[in-house]
Amino acid sequence: KPLAQSSLVNQTFDERTVFALCVLITRIVSLSSLVATVTVISLSIVFYDYSAPMLVPSLLSVSMGLTVFLKHKDNIKRLVKGEEKRIKIRRKSNG
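What you are looking at is a predicted structure, and each value in this text was computed from that prediction instead of being measured.

Caption draft 1: Highlighting the overall build of the protein. Helix and strand counts for the protein stand at four helices and zero strands. For the protein, the sequential pattern of α-helices and β-strands runs α-α-α-α. Counting across all 95 residues of the protein, residues that qualify as buried make up 23%. The long-range share in the protein, meaning contacts at least 24 apart out of those at least 6 apart in sequence, stands at 59%. Of the roughly 7500 Å² that the protein leaves accessible, carbon and sulfur atoms contribute 64%.

Caption draft 2: Representation of the environment of Val-35 within the structure. Looking at the secondary structure, you find Val-35 in helix H2 (residues 29-46). With a relative accessible area of 32%, Val-35 lands in the partly exposed category. Between the alpha carbons of Val-35 and Glu-15 there is a distance of 8.7 Å; along the sequence they are 20 residues apart. Excluding residues that lie within four positions of it along the chain, Val-35 makes contacts with Val-18 and Cys-22.

Caption draft 3: View of unusual backbone geometry. Positive phi values are uncommon outside glycine, yet Arg-27 reaches one of about 60 degrees. For Arg-27, the position within the fold is in the loop between helix H1 (2-26) and H2.

Caption draft 4: Focus on the pattern of salt bridges. If you walk through the whole model with that rule in mind, you get one salt bridge. Across the salt bridge formed by Glu-84 and Arg-78, the nearest N and O atoms sit 2.6 Å from each other. Owing to a relative accessible area of 34%, Arg-78 belongs among the partly exposed residues under this scheme.

Caption draft 5: Broad picture of the confidence of the model for the protein. Per-residue pLDDT for the protein has a mean of 80; in total, 78% of the residues score no lower than 70. Mean pLDDT in the protein bottoms out at H1, which sits at 69, and peaks at helix H4 (residues 73-81), which reaches 96. Note on residues 1-6: pLDDT is under 50 here. Beyond four places in sequence and across chains, it has zero contacts.

What counts, and where the lines are drawn
Residues numbered from 1 in each chain as written. Predicted model: local features only at pLDDT ≥ 70, side-chain atom pairs only at ≥ 80, totals over all residues. Heavy atoms only, no water. Helix = DSSP H or I, 4+ residues; strand = E, 2+ residues; numbered from the N terminus. Buried < 20%, exposed > 50% of the residue type's maximum accessible area, 1.4 Å probe, protein only. Contact = heavy atoms within 4.5 Å. Areas by Shrake-Rupley, 256 points an atom, 1.4 Å probe, with all protein chains shown as cover. Salt bridge = Lys/Arg side-chain N within 4 Å of Asp/Glu carboxyl O. pLDDT = per-residue confidence, 0-100.

Here it is in structure tokens:
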């Protein structure tokens, strides 16, 4: 049981970290959301505990991931065309 809880904590941390890094690198929130979604789905598969009843959580993870991609279909079209808007990241001034 602690292993499953540990995996869940690591999965959440990794997804947030991937999202934040992707935003910092690309400055595109929709791309970062999609990359983080793929990360969650991948980690759900990698950390699948075959000795525990994890089928339902894994299926939920995959179905929520598919929902995210369906909701981002217009963003995906803009990403492919290179037209997706980037966010502006401002540095804090010292004055």
